[in-house]
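Spelled out from the first residue to the last, the chains are:
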Amino acid sequence: MIIDLRSDTVTVPCERMKETMFSAKVGDDVFGEDETINQLEKLGAEMFGKEAAIYCPSGTMTNQIGIKINSSSPGEVICDETSHIYKYEGGGIGFNSGLSTKLLKGDRGRLTAEMIEAAINPDDIHTPETQLVSLENTCNKGGGSIYDINEVKKIRTLCYEKNLKLHLDGARIFNALVEANYNAKDIGQQFDSISICLSKGLGAPVGSLLLGSNQDIKKARRIRKLFGGGMRQAGFIAAAGIYALENNIERLKKDHIRAKNLEGALQGLPYVKNVLPVDTNIVVFEVVDSIDYKKIIEKLAAKNLKVVAFGPQQIRLVTHLNFTDDMLTEAITILKNI
Ligand SMILES: *Cc1c(COP(=O)(O)O)cnc(C)c1O
């Protein structure tokens, strides 16, 4: 048995998901004629109380389009120093949107209105104009940390006052929603644009949605074409996205319980220095200084448990819908016996 906890992107479609994919009604989406894509976009937009949505091949693309439609070069975006848009999107903020980036040190990736206010540039010809704030929920580098809705609301108010746009990288927003005391519509109200991933915890093979106003999504269609993301009969993969939204949200709680179990098993192991608090499906731990963490990764891999390096001495494990209770038992045995 191979247990792959490198990411929640490693899942493969179940039989029922595949059946809905094969029977999807499709058409040319660049002409707006793919019924399944249109249905998925409508479903995603309605869930969050937004006017419209656009289906894209990846979360990187939905984030990059979100940034581009909410800014004009030259300008500046404010985000956490560990955010995906900055660290893992190939320098796209500068390349695609011609913006500079102001990086803040949040609490496990989470910013506060106070920190953002202090980081807004003055109206001075020497400084780039602050135009946009981007938040991530849950925060990947923060070990799956969740935003408090009251802080998000404060940030929203600040952005109104300062005439800034607010984008959400919601690659794992559903992991937050099943745990927090707010729902999709509460989140929808706070942001100008929202990126959600169907291919992370929700288990679709491909695809993300960008949500926003009719006007913004119209702009996004132009940019998606320019980025090379206009797909044709992509309803076959969009069908998996619909299936994922309809069937795989509530079950994320199971992934969170299994992640908690892994956290408990890791605490107290001789090679573990500390474990970040586990709030959702991401478990991040630090290896003691005396052991090279790459050795730990190799030893786990030799026993068929796959994990990834996550920073200096840090290792990440992510639970997902192809990770069962039997695998959990086996994974804990492996972690205890290397
Ligand atoms: C995975 C991820 C994305 C999008 O990644 P793609 O692989 O391009 O779909 C964006 N933000 C976060 C926080 C992610 O974890």
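Computed from a predicted structure; not experimentally measured. (Residues numbered from 1 in each chain as written. Predicted model: local features only at pLDDT ≥ 70, side-chain atom pairs only at ≥ 80, totals over all residues. Heavy atoms only, no water.)

**Here's the deal with the site of the ligand**
Put simply, the rule reads: By convention in this text, a residue qualifies as near a molecule or strand provided that one of its non-hydrogen atoms is within 4 Å of it. For this analysis, a polar contact is any N or O atom pair within 3.5 Å, provided that within protein one partner can donate a hydrogen and the other can accept it, and provided that sequence-adjacent residues contribute only side-chain to side-chain pairs. To be clear on the numbers: accessible area is Shrake-Rupley with a 1.4 Å probe, and residue cover counts the displayed protein chains and nothing else. Every helix listed is a DSSP run of H or I at least four residues long, and every strand listed is a run of E at least two residues long, numbered separately from the N terminus.
Around the ligand, the surrounding shell consists of Ser-58, Gly-59, Thr-60, Asn-63, His-84, Glu-89, Glu-136, Asp-169, Ala-171, Arg-172 and Lys-200. At a separation of 2.6 Å, an oxygen atom of the ligand approaches a polar side-chain atom of Thr-60. His-84 is positioned with one of its side-chain polar atoms (N or O) 3.5 Å from a nitrogen atom of the ligand. Isolated, the ligand exposes 380 Å² of accessible area, and the fraction of that covered by the protein chains is 83%. Here the element with the most residues in the shell around the ligand is helix α3 (residues 59-69); it accounts for three residues.

**Considering the state of the cysteines**
Definition in use: We call a pair of cysteine sulfur atoms a disulfide whenever their separation is within 2.5 Å.
In the structure shown here, the tally under the stated rule is zero disulfides. The thiol of Cys-14 is unpaired, and the distance to the nearest cysteine sulfur, on Cys-197, comes to 19 Å. Unpaired in terms of disulfides, Cys-79 finds its nearest cysteine sulfur in Cys-139, a separation of 11 Å.

**Observations regarding the pattern of salt bridges**
Quick note on the threshold: Only one rule defines a salt bridge in this text: a Lys or Arg side-chain nitrogen within 4 Å of an Asp or Glu carboxyl oxygen. Exposed residues in this analysis have more than 50% of their type's maximum accessible area, buried residues have under 20%, and partly exposed residues fall in between, with area computed by a 1.4 Å probe over protein chains only.
Within this structure, the stated rule accounts for 20 salt bridges. Note that Lys-102 and Glu-76 form a salt bridge whose closest N and O atoms lie 3.6 Å from each other. Of this pair, Lys-102 sits in strand β4 (residues 99-104) while Glu-76 is found in strand β3 (residues 75-80), placing the two residues 26 residues apart along the sequence. Given the relative accessible area of 24%, Lys-102 is considered partly exposed. Given a relative accessible area of 6%, Glu-76 falls into the buried group. Among the salt bridges present, the one from Glu-286 reaches Lys-273, with a minimum N-O distance of 3.6 Å.

**Points about the sheet that holds strand β10 (residues 282-287)**
Counted only if it meets this: A pair of strands is labelled paired if DSSP reports no fewer than 2 bridges between them. Each axis is a line fitted through C-alpha atoms, and for a helix only the stretch in contact is used; angles between axes span 0 to 180 degrees, taken between their N-to-C directions.
The strand order across the open sheet built from four strands is β9-β10-β13-β12, with neighbouring strands paired in antiparallel fashion. At either margin of the open sheet sits one strand with a lone partner, and together these are β9 (272-275) and β12 (308-311). Across the sheet, the mean angle separating the axes of adjacent strands is 35° when strand polarity is ignored. Sheet topology places β10 next to strand β13 (residues 314-318); five bridges connect them, and they run antiparallel. Looking at β13, one finds that Val-283 is bridged to Leu-317.

**So, the packing of aromatic side chains**
Defined as follows: Two aromatic rings, drawn from Phe, Tyr or Trp (for Trp, its six-membered ring), form a pair once their centres lie within 6.5 Å of each other, and the interplanar angle then sorts them: stacked below 30 degrees, edge-to-face above 60, tilted otherwise. In this scheme, Lys NZ or Arg CZ marks a charge over a ring once it lies within 6 Å of the ring centre and within 35 degrees of the ring normal.
On inspection of all chains with the given rule, the structure shows two aromatic pairs. Against the face of Phe-310 rests Lys-141, its NZ or CZ located 4.1 Å from the ring centre.

Purely spatial values, then, with no claim about function.
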